[in-house]
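Take a look at the letters that make up each chain.
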Amino acid sequence: MSSEPAAVTISGVSQVFNPGRPNEVRALDHIDLTVATGEFITLIGPSGCGKSTLLRLIAALLPLTGGEVKVNGKQADQARLDRDYGMAFQKAGLFDWRTVARNIELPLELMGWSKTDRRRRAREMLDLVKLGDFAGNRPAELSGGMQQRVAIARALSFSPSLLLMDEPFGALDEMTREHMQAELLRIWAETATTVVFVTHSIPEAVFLSSRVVVMSPRPGRVADIISVDLGTRQETTRESEAFFKKVTEVREALRAVERLS
Amino acid sequence: MKGSGNQLTASFSPWLPVVVAGFVIFGGWELALTIYNPDGFVLPPPSDIVASFVDNFDVVWQAVKVTGFIIVTGLVAGVVAGAAAALIVTRFRLGDEIITPLAVAVNAVPIIALAPIFNAWFGSLSPRSNQAVVLVLVFFPIFINTTRGLSDVEASQIELMESYAAGRWRITREVRIPNALPYFFTALELATSLAVIAAIVAEYFGGRQDALGNIITNSAGLTRYDDAWAAVLAGALIGFALYLLIQVAEHFVMPWKTRADSS
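Once a new chain begins, its residue numbering starts again from 1 and follows that chain's sequence as written. Going through the entries in the order they are written, you letter the chains from A and number the ligands from 1. The model is predicted, so local features are restricted to residues of pLDDT at least 70 and side-chain atom pairs to those at 80 or more, both for listing and for counting; the totals for chains, interfaces and linings are taken over all residues. With hydrogens and water stripped out, all remaining heavy atoms of the structure feed into the side-chain values.

### Looking at the confidence of the model for chain B
Caution applies to low-pLDDT parts of the model: their predicted coordinates are not meant to be read in detail. Residues and elements named next belong to chain B. Per-chain confidence: chain B averages 86 in pLDDT, with 91% of residues scoring 70 or above. The predictor's confidence in any single residue is recorded as pLDDT, a number from 0 to 100. We call two residues in contact whenever any of their non-hydrogen atoms come within 4.5 Å of each other. Confidence drops under a pLDDT of 50 for residues 1-5, and excluding neighbours within four residues, the segment shows zero contacts in the predicted structure. Of the regions scoring below 50 in pLDDT, residues 259-263 engages in three contacts with residues more than four places distant in sequence or in other chains. Per the prediction output, this complex has pTM 0.82; the corresponding ipTM is 0.86.

### Considerations on unusual backbone geometry
All names here are of chain A. For the bond running from arginine 218 to proline 219, omega is -10 degrees, close enough to zero to count as cis. Here proline 219 is to be found in the loop between β9 (211-216) and β10 (221-227). Phi at lysine 130 is positive, roughly 60 degrees, even though this residue is not glycine. Note on conventions: DSSP H or I runs of at least 4 residues are helices, E runs of at least 2 residues are strands, and numbering of each starts at the N terminus. Topologically, lysine 130 is positioned in the loop between α4 (115-128) and α5 (144-156). We note that alanine 192 has phi near 55 degrees; this positive angle belongs to a residue other than glycine. Examined against the element boundaries, alanine 192 turns out to sit in the loop between α6 (174-191) and β8 (194-198).

### A few points about the interface of chain A and chain B
With 24 residues of chain A at the contact, the number on the chain B side is 19 residues. Two parts lose some accessible area (1.4 Å probe) when they are put together, and adding that loss for both gives the buried area. Of the roughly 2,200 Å² buried between chain A and chain B, counting both surfaces, carbon and sulfur atoms make up 59%. The three residues of chain A that bury the most area against chain B are Trp97(A), Leu110(A) and Arg138(A), which together make up 29% of that side's buried surface. Think of a salt bridge as a Lys or Arg side-chain nitrogen and an Asp or Glu carboxyl oxygen that are within 4 Å of each other. Taken together, chain A and chain B are joined by two salt bridges. One salt bridge connects Arg98(A) with Glu174(B), and the closest N-O pair in it is separated by 2.8 Å. Polar contacts, as used here, are pairs of N or O atoms within 3.5 Å; protein pairs need one atom able to donate a hydrogen and one able to accept it. Residues neighboring in sequence count only if both atoms are side-chain atoms. Run the count over chain A and chain B and you get six residue pairs in polar contact (both at pLDDT 80 or more).

### Regarding the environment of Ile215(B)
Residue and element names in this part refer to chain B. Residue placement: isoleucine 215 occurs in helix α10 (residues 212-221). A simple rule labels every residue: compare its accessible area, found with a 1.4 Å probe on the protein chains alone, to the largest value its type can have, and call it buried under 20%, exposed over 50%, or partly exposed in between. The buried category is assigned to isoleucine 215, whose relative accessible area is 15%. C-alpha separation for the pair isoleucine 215 and isoleucine 98, spaced 117 residues apart in sequence, amounts to 41 Å. When near neighbours in sequence (up to four residues on either side) are disregarded, isoleucine 215 contacts Val59, Ala63, Gln209, Asp227 and Ala231.

Structure below.
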């Protein structure tokens, strides 16, 4: 047993929206899940399976109605207040009124970093996502993929140990998407961050993660957890036999889930 | 050389239709009156209006100062009150429950019709009465639009700020207020023309004799329509000047908007 706490520990989590009202919904039912430090894990499932809800519970953006969520051994809300995680959404959510560099600086401003430190870090992050020439641009002047890279740079700017991503590449075209996946894996390897990634794309889940959590809908449950061991990912990985086998395995797990519901 | 020529055309082109339209409208007006109504009695030709404007410039300028003061002070007070109410309403639920129905109720009242009553409250010669009319009229569009801008924020941007453990006031400052600025400026343009109308109409019922509203009613009563039109022209010029001022302010306050538009 390691003394270091897991990055995320979810035990017996049940989430009910509008409890006691006619529109009561049980979004999650008895979820148990542990994410090891440094792991890349994806949550996949049909819409309504509660994967985004689960991500928001880890982020403590929703009040938890049952069970326990711990991040780095702390209550999730304490981890939020300690800024233990960074977050990225399907919409890049950049602020039009800030330049690209100042968007990345925003969380650092909130944490009271000095101006020089903020400048330097924003520059480092822009280099990390290969947008070094765009520091002074407005977000509207960037393509969708570039905006999403800025959002990732912003989420990682304060070096959180955990990165939470809610379908961040969902609005991108296929080629940009594959490119962004490779970039994310490179950044993940360079920064040694734990990643929890929500997606509805099977190849994306298999390509990115070491474990794929397959969820079933109404109420959201963990139906299956599939380990993926494809070694260091390369572009050729996408065309390998082992990759297709894993894609098929996840697809069958999802089919089984749909038959049940 | 060719490039600079194109630039020149480009910088003139937005004004060209306006200038042409002006020539057509005022030229046509002047021409029609010369042909059909040489007396120019009820509707004087533009040349008479401009002549009256120039001849009575001292009187008109004094009236512009008096009425302009009412417009600007009433406008500023209404804008501050409207924006402050919008902030309170989006920040506190109780504020929303009290202020919003009240604002809607007040807006349903024909404010201009209150001008004589305000005169009785504040005294007919006090500027307070006409300022109050302008304030109340300006308040509503500013309040409604700013509230919408403060609330119509992308949900993920709020979640993002919460993920950084930002407080509510910080979220208001970093996300809601910048998001509301385009809505606010749209309302401000609307409010400016309302303020000019409100001040002049309020002056029909009271206030100082050397104000635009009184010059219009008095001149029209004496059938000196060219003088009345000269005062209307002065009112239009105040409105136009304020509009330009807002355009400039918009450019400085929201550089990201102007830049996105021009690219």
